[in-house]
Amino acid sequence: MKKITLIACTLSVLLGAQAFANEASPAGTLDKIASSKSITLGYRDASVPFSYVADNSGKPMGYSVELAGKIVERIKQQLALPQLNVKYNLVTSQTRIPLVQNGTVDLECGSTGVTAERQKQVAFSYGFIYVKGQLLTAKDSGIRSFADLRGKNVVTTAGTTNERFLKSYNQDNKVDMFVISAKDHGEAFQMLETGRAAAFYMDDALLYGERAKARDPHKWVVVGEEQSREIYSCMVRKDDPKFLALVNATLADLYQSGEINAIYDRWFQQPIPPKGLNLEFPMTSELKAIIAKPTSDPVK
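Please read all numbers here as calculations on a predicted model, not as lab measurements. (Residues numbered from 1 in each chain as written. Predicted model: local features only at pLDDT ≥ 70, side-chain atom pairs only at ≥ 80, totals over all residues. Heavy atoms only, no water.)

Applying the stated criterion to the full structure yields one disulfide. With its sulfur 2.1 Å from that of its partner, cysteine 109 forms a disulfide with cysteine 234. One quick way to see it: the torsion about the S-S bond of cysteine 109 and cysteine 234 is about 110°, and its sign makes the bridge right-handed. One end of the pair, cysteine 109, is in the loop between strand E5 (107-108) and helix H5 (116-119); the other, cysteine 234, is in the loop between strand E12 (229-232) and strand E13 (235-236), and 125 residues separate them in sequence. Neither cysteine 109 nor cysteine 234 differs from the other in exposure class; each is buried. (Disulfide = S-S within 2.5 Å. Helix = DSSP H or I, 4+ residues; strand = E, 2+ residues; numbered from the N terminus. Buried < 20%, exposed > 50% of the residue type's maximum accessible area, 1.4 Å probe, protein only.)

The positions UniProt marks with the feature "domain: Solute-binding protein family 3/N-terminal" (unreviewed entry) are residues 38-271. With 37% helix and 24% strand, residues 38-271 has end C-alpha atoms that lie 32 Å from one another. (UniProt positions renumbered as here; feature names shortened; annotations may be inferred.)

This paragraph deals with the environment of asparagine 162. Along the chain, asparagine 162 falls in helix H6 (residues 161-173). Expressed as a C-alpha distance, the spacing of asparagine 162 and leucine 207, which sit 45 residues apart in the sequence, is 12 Å. If we ignore the near neighbours within four places in the chain, the residues touching asparagine 162 are Thr156, Tyr201, Met202, Asp203 and Ser228. Here the side chain of asparagine 162 touches aspartate 203 through a polar contact of 3.0 Å, side chain to side chain. (Contact = heavy atoms within 4.5 Å. Polar contact = N/O pair within 3.5 Å; in protein donor to acceptor, adjacent residues only side chain to side chain.)

Working note: a packed helix pair is described by the angle between its axes plus the distance between those axes. Two numbers describe how helix H2 (residues 29-36) lies on helix H9 (residues 241-257): the axes approach to 7 Å, and their chain directions differ by 85°. Considering the angle they form, H2 stands roughly perpendicular to H9. On H9, the residues that touch Thr29, Leu30 and Ile33 of H2 are Lys242, Phe243 and Leu246. By residue class, the composition of the contact of H2 with H9 is four nonpolar, one polar and one charged. (Axes fitted to C-alpha atoms, helices over the stretch in contact; angles between N-to-C directions. Parallel < 35°, antiparallel > 145°, perpendicular 65-115°, else oblique. Nonpolar A, V, L, I, M, F, W, Y, C, P; charged D, E, K, R; others polar.)

It is worth spelling out the environment of lysine 139 at this point. Counting through the fold element by element, lysine 139 comes out in the loop between strand E7 (129-138) and strand E8 (153-157). Expressed as a C-alpha distance, the spacing of lysine 139 and tryptophan 220, which sit 81 residues apart in the sequence, is 5.4 Å. In this structure lysine 139 touches Arg144, His218, Lys219 and Val221, once residues within four positions along its chain are discounted. Reaching out from lysine 139, the side chain makes a polar contact with the backbone oxygen of histidine 218 at a distance of 3.1 Å.

Among the nonpolar cores identified, the biggest contains 72 residues, and Tyr63, Leu107, Ile129 and Phe268 are the most heavily contacted of them. Once you skip the residues sitting within four places of it in the chain, phenylalanine 268 turns out to touch Pro49, Phe50, Tyr63, Ile129, Ala205, Asn278, Leu279, Glu280 and Phe281. The next biggest cluster of nonpolar side chains, apart from the first, holds 13 residues, and it includes Ile143, Phe146, Leu149 and Val223. (Core = buried A, V, L, I, M, F, W, Y, C linked by side-chain atoms within 4.5 Å.)

Of all the positions in H2, only Thr29, Leu30 and Ile33 are classed as buried. On an axial view of H2, the arc spanned by its buried residues comes to 100°, and they lie on one face. On its buried face, H2 is in contact with strand E1 (38-43), helix H3 (63-79) and H9. (Arc of directions from axis to C-beta.)

Time to look at empty space enclosed by the protein. Per the stated rule, a full pass over the model turns up three cavities of 30 Å³ or more. Considering the residues around the largest cavity, the lining is formed by 15 residues, among which Arg96, Ser111, Thr160, Asn162 and Asp203 are closest to the centre. Taken together, the residues of the lining of the largest cavity sort by class into three nonpolar, seven polar and five charged. (1 Å grid on protein atoms, 1.4 Å probe; cavity = no way out; pocket = protein on both sides within 12 Å on 5 of 7 lines; lining within 4 Å. Points joined across faces, edges and corners; volume = space filled by probe spheres on them.)

Here is the structure:
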């Protein structure tokens with residue numbers, strides 16, 4: 001009886017260890033996609049011109065969305081799944097990382113900056129744009145630098161590195177501004193347009209995107225000393241080098257072939273939906289350097 005009990009206990013321990021191993025080492029993303037014949041892409045609905053919804057279809061469009069589409073095409077080829085079902089899952093600044101971590105979203109290409117802190121939670125692809133924190137304000141506001149923000153309401157987007165930077169800057173420099181956190185970039189700009197905030201602090205490319213959505217874009221200007229600097233990248237789950245390698249290979253091919261230039265021009269230097277306005281945001285020397293030598297390292 002003791003021998004049988006010992007065998008049973010040993011078997012139970014082994015089965016438990018195997019179960020733990022299976023739980024600790026989930027199937028890779030490509031295996032998951034092959035099994036389900038579907039992929040879920042995380043998207044933003046108000047991050048112009050990266051990922052946003054501009055018509056009644058409800059489907060996202062934008063620079064990052066187009067890059068995600070190129071990655072999906074590579075996945076279809078590699079897995080021989082021409083009819084791969086592409087699903088979209090809305091994410092926000094607060095939910096994007098948890099939804100990638102827990103497997104709800106397989107790939108998120110939006111407007112997420114690479115930081116050392118975030119690299120502990122998710123994996124990042126090669127960068128696809130270089131951004132700098134600045135201010136969007138009315139031409140006649142009298143605001144031209146951060147020194148002009150004293151005593152004024154300044155809005156930014158909740159859950160972003162910009163929010164953390166602005167609060168820290170305010171405290172460290174004793175600017176005495178009032179920092180307001182909006183749920184997304186669209187709400188932040190709405191607060192600016194309606195006078196509830198005197199300036200909107202965010203990455204320059206996003207500010208030009210919000211400016212393009214305005215009733216009168218030429219009423220608004222991007223000003224101020226360049227502050228925080230980041231690259232945006234696609235996010236995937238950590239510890240999945242096979243999937244990350246596919247994402248990076250897709251981007252590297254776009255960079256090496258020069259196709260990225262046409263994609264960039266389409267969203268930053270040509271009229272875009274919904275109003276057919278041009279962001280007039282030429283490619284920076286920093287982004288050209290990333291294209292020449294792809295990297296996913298945070299900006300130091």
